[in-house]
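Results of the structural survey
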Amino acid sequence: RQRSEKRWQRSESLHGPVAPDGDDIDVIGSTSAATAPTRSTARVGVAALLLATTALLALFGGAIGILLVFLFILIYYRLPGLVADGALLYYTLVVLAIFRLIPVTLTLAGIAGFVLSVGMAVDANILIFERTKEELRLGKSLPAAIEAGFSRAWNSILDSNVSSLITAGILYWFGSSTIRGFAL
């Protein structure tokens, strides 16, 4: 009992009044005159519950972000934006299907990486659209402008994706488990 009281006083002097921890309760229980058997009736995983809630909020935030990007592309590019939204939706569904097949555990960092990959796909679409608009301004027909837009944007898209893959590889190789989830 003295050990418990000393620990209580020490923690109070350093951090203010603090309830005794499990060791203190064990000491108090083992030295009392009438000990009663104890058993655990329920376990509550507060950390797991908070993590699940945070993951759901992150998924919700990611979905809102992707929807806002879809709306922006649709409003800004009109019909080509609708086509790009269809392609992005297809990309999103394919990646999520791959996540289900492999089975991938989506952590917060993994969700952020997934949203970033959708952003990279949007970047590729914007590069193609802007190059195509430049070609249309030069007076080319729509099929010729689309072909030239793709070919002019391809080098930038390739460079961007290769540098992202190199960065992801470095993060995966040298990073902690959280960083690896983002890199994957």
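Check the entry above for the structure.
This is a predicted model, so every value here is computed, not measured.

Structural notes on the overall build of the protein chain
The number of helices and strands found in the protein chain is seven helices and zero strands. Traced from its N-terminal end to its C-terminal end, the protein chain shows the element sequence α-α-α-α-α-α-α. Among the 184 residues that make up the protein chain, the fraction classed as buried is 22%. At a minimum sequence separation of 6, the contacts of the protein chain that also span at least 24 residues come to 51%.

Here's the deal with the pattern of salt bridges
Enumeration over the complete set of coordinates arrives at five salt bridges. A salt bridge links Glu-130 to Lys-133; the shortest N-O distance between them is 3.7 Å. Within this pair, Glu-130 and its partner Lys-133 are both found in helix α5 (residues 108-137), separated by three residues, close to a single helical turn. Classification of Glu-130 as partly exposed rests on a relative accessible area of 26%. Using a relative accessible area of 28% as the deciding quantity, one classes Lys-133 as partly exposed. A salt bridge links Arg-152 to Glu-135, with the shortest nitrogen-to-oxygen separation between them at 2.8 Å. Taken together, the residues Arg-152 in helix α6 (residues 142-174) and Glu-135 in helix α5 connect sequence positions 17 residues apart.

Basis of the calculations
Residues numbered from 1 in each chain as written. Predicted model: local features only at pLDDT ≥ 70, side-chain atom pairs only at ≥ 80, totals over all residues. Heavy atoms only, no water. Helix = DSSP H or I, 4+ residues; strand = E, 2+ residues; numbered from the N terminus. Buried < 20%, exposed > 50% of the residue type's maximum accessible area, 1.4 Å probe, protein only. Contact = heavy atoms within 4.5 Å. Salt bridge = Lys/Arg side-chain N within 4 Å of Asp/Glu carboxyl O.

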